[in-house]
Amino acid sequence: MNKREFIRWQIKEWLPLLIGYGVITAIFYWLASYYGVDEFLSYSSRVASSVTPMIVICVFTFLATAFIPLAIFSYQTNRVRADFYDQIPLRDKELRRIRILIVLISILIIFTIVFWVGILLTYLHQVVLNHEAYRRLLERGADPNEFVPYYFQYVYYIPLFFLLVLGIVAHYFTCVFFLSLGNRVWDCILLLVLGELLLNFALQAILFPAYVVYAETFTSSDSSFLRYINDFMRLSFGFGYYLAVFLSFFSENIAKTPSDSSVPSLYQNSAQTAVFYINVIAFLLIGLICAWLMLFVKKDPAGELAGKAGARNRGIAWIPHLFMLFAGFVMAGATQLVIYSDGVLIVVFCFVLASWAVIYFLLLFASRSTIRFAKQDWIRVAIVAGMVFLICLSTGIAYGIMRSYR
Amino acid sequence: MIEIHSLDKTFDKDSAAPVHAVNHLSLSFQEGITGLVGENGAGKSTLFRLIAGTIQKDEGEILIDGSLNDTPKARQSLFFLPDVPYAPARYTAFQTAEFYSLFYPFDFSLFQQLTKKVNLPLERKISTYSKGMRRQLFLLIAFSVQCQNLLLDEAFDGLDPLVMELIREEVVRLALDQKKTIVISSHNIDSIQRIADSLTILYRGQLSEQNNLSDMSEELVKYQLISAQEIRAEDLEKLGYRIASCHISGSIVSLIVVKKEGFEEDIKQLYSPTLFEKVPLEGSELVTAEMMLARKGARHE
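Residues numbered from 1 in each chain as written. Chains lettered and ligands numbered in written order. Predicted model: local features only at pLDDT ≥ 70, side-chain atom pairs only at ≥ 80, totals over all residues. Heavy atoms only, no water.

**Q** Just give me the short version of the sheet that holds strand S6 (residues 78–81) of chain B, but keep the residues and values in it.
**A** All names here are of chain B. Pairing is mixed in the open sheet, where six strands are placed in the order S6-S7-S8-S3-S9-S10. The outermost strands of the open sheet, each flanked by one partner alone, are S6 and strand S10 (206–212). In this sheet, adjacent strand axes meet at a mean angle of 15° when their direction is disregarded. Set on the sheet, helix H5 (residues 131–144) makes contact with S6 and strand S7 (149–152); between it and S6 the angle comes to about 175°. (Pairing = 2+ DSSP bridges. Helix = DSSP H or I, 4+ residues; strand = E, 2+ residues; numbered from the N terminus. Axes fitted to C-alpha atoms, helices over the stretch in contact; angles between N-to-C directions. Contact = heavy atoms within 4.5 Å.)

See below:
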């Protein structure tokens, strides 16, 4: 079998889908950048405006990483297609790996292009055209009381980019795992939605209290970087977060716009404290219900797909990927905290990052019950190690630039 | 060559009525053409799908040219054409052939030569093809794929007589020239018996008979008789004879019987026929008779 030709054919088949994602994301992201040029990439207290383009690109990319993988498993949900792909001279694992990687790499390439072209366009808009936002940045950079050089905002997007890539990869593999469990299209979609809810609610239940406790203990309620953390926490949770916000209708503070809210205010009186605990419990309960429903949905194929391999979770080393998602979200939340903080937190950040990488590798070893890895596993380990290195390096550079101006 | 050892498959195991589609089946398909026949639900398609690895077996072992059937090496040497073959939507016939060539070694010159013979329009989208044309196309793809073992499910269904003749010729040519192992299932008994070297008969997931056609024809004999008395298969079976079929057409009764000494004498004595003669057994009758015997379980009594 000619694998190279097959890969070429497969890319050609999915090209309209991938181009669709790229074009829609680019249009909305660039439009948001254009209309938000006053704030985007600028040092601004109007957090909501300054990150709107980021929210746009993230929402579209998270949707793409959730639903484009449906194409990967489409052959499993139809007997005629399944019969064909199950008999070709390619192991099922290998076929899935090829299809999974094609979609992932394509999404990452499109995301990278759209992301950096958007940044470049905004940069040109602001700097080359001498936009007011740029002049404001120059003024701030020249102010001895400020420590942010004008180009810091642009440099800052390098670590953010890698963190978003990490989040995309983690989210993608998690969605792939949920989708792989289904035997029918609607099962796949249901599992995906339930899985997203489960993860988001579970993460909310874990991260939110930790975040509040941290904010209560170490910061003041009007701290500017807290608003950034809050903002990126929201951003990194993906669209599940917004559903959680909708469901937790009784919690005003969560549902407010980022610029209006500050998390420590949740603790200002006993009523708000009660609301907070109710939220955490509700998140956990909904997460458990989702887990139960997922088990209910997951079943062996029946009808025309009877006798097929059963729930298709073979070959997915899912635990490390779920952990990657968790770690990605935590670190996305931590990025701004690191950059707008002092050197101690840089050490904490690097410690968290290194610990995450070590635990990731350990889980990988545990999931295979061996330390002797196949070539593709080493490639995966190398990718994760490379990501960790790039995040540390770019964060360190950004921090170093900032420090040199303080 | 395809070898099957103790193959077993049950669908809906947990339900109140599990379906034992393949029941501890052991057989082998040798080089040449084998016809796989059986009634609806006998397990023919399930057997093909198990060999091709499109469904998981419960027990047993399947070897294709000595390799386990789920290995890439085995898959590379096997092509299974199911009753409803897959082609990506919106593809033309030629694109469909190109698609299959991604996975299997493919002889395009043979493909084009064969499509010319049957006048298949290669540039037309196959969604516009009739059922018979689609069948033709996929059979020609199967012949052009350079695999040592071919499984053709419902191979001749929906083909017109002219194309059927060409397909039969091509199957025979492949078996002779390229020494392929070709297993064909079809309800078109006439076509099967005309080209098959041997016949495998399945009944309720079990092997009822596997033999070459000449040996089978040695076992069975057909009589025609006219008698004033009513002739019933049950009465003859009570006497220990294995009756494959008893067909009445007007006053003439046609009997196909497993050969046994004393049958002719008993018939003459019991029914005093005015006409009693042996007639040649046609190929399709032979296959049908074997299937009838399988249903009656006569061979296992």
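**Q** Tell me what's going on with the side chain of B:Ser144, and back it up with residues and numbers.
**A** On the secondary structure map, B:Ser144 appears in helix H5. Among residues more than four places away in sequence, those in contact with B:Ser144 are B:Pro105, B:Phe106, B:Asp107, B:Leu110, B:Phe111 and B:Leu114.

**Q** Let's hear about a nonpolar patch on the surface: which residues, and what values?
**A** A cluster of nonpolar side chains, namely A:Ile7, A:Ile11, A:Leu15, A:Ile19, A:Val23, A:Ile24, A:Ile27, A:Phe28, A:Leu31, A:Tyr34 and A:Tyr35, defines an oily patch on the protein surface of about 1000 Å² accessible area. Residue classification places A:Ile19 among the partly exposed residues on the basis of a relative accessible area of 46%. (Patch = residues over 30% accessible without salt bridge, like charges linked within 9 Å, V, L, I, M, F, W, Y side chains within 5 Å. Areas by Shrake-Rupley, 256 points an atom, 1.4 Å probe, with all protein chains shown as cover. Salt bridge = Lys/Arg side-chain N within 4 Å of Asp/Glu carboxyl O. Buried < 20%, exposed > 50% of the residue type's maximum accessible area, 1.4 Å probe, protein only.)

**Q** Could you give me a rundown of the pattern of salt bridges, with the residues and numbers involved?
**A** Residues and elements named next belong to chain B. Counted according to the given criterion, the structure contains eleven salt bridges over all chains. Residues Lys9 and Asp58 are paired through a salt bridge, measuring 3.7 Å at the closest nitrogen-oxygen approach. With a gap of 49 residues between them, Lys9 in strand S1 (residues 2–11) and Asp58 in the loop between helix H1 (44–52) and strand S4 (59–64) connect regions that are remote in the sequence. Classification of Lys9 by relative accessible area gives buried; the value is 5%.

**Q** I'd like a rundown of the interface of chain B and chain A, residues and numbers included.
**A** Contact residues are listed per partner, giving 27 residues for chain B and 23 residues for chain A. Of the roughly 2300 Å² buried at the junction of chain B and chain A (both faces included), carbon and sulfur atoms supply 57%. Ranking the residues of chain B by area buried against chain A places B:Tyr86, B:Leu102 and B:Phe103 at the top, with a combined share of 29%. The tally of links between chain B and chain A comes to two salt bridges. The shortest N-O distance in the salt bridge between A:Asp83 and B:Arg49 comes to 2.9 Å. In this assembly, chain B and chain A are joined by nine residue pairs in polar contact (both at pLDDT 80 or more). (Buried area = accessible area lost by both parts, 1.4 Å probe. Polar contact = N/O pair within 3.5 Å; in protein donor to acceptor, adjacent residues only side chain to side chain.)

**Q** Got a sec to walk through the sheet that holds strand S13 (residues 252–258) of chain B? Specific residues and values, please.
**A** All names here are of chain B. Spatially, the four strands line up as an open sheet ordered S12-S13-S11-S14, and their pairing is antiparallel. Edge strands, defined here as strands with exactly one partner in the open sheet, are strand S12 (243–249) and strand S14 (275–279). Between one strand axis and the next, the sheet turns through 20° on average, direction left out of account. Alignment of strand S11 (residues 220–226) against S13, held across six bridges, turns out to be antiparallel. For Leu220, the partnering residue across the bridge sits in S13 and is Val258. Sheet strands touched by helix H10 (residues 263–271): S11, S12, S13 and S14. Its angle to S14, the strand with the most contacts, is close to 160°.

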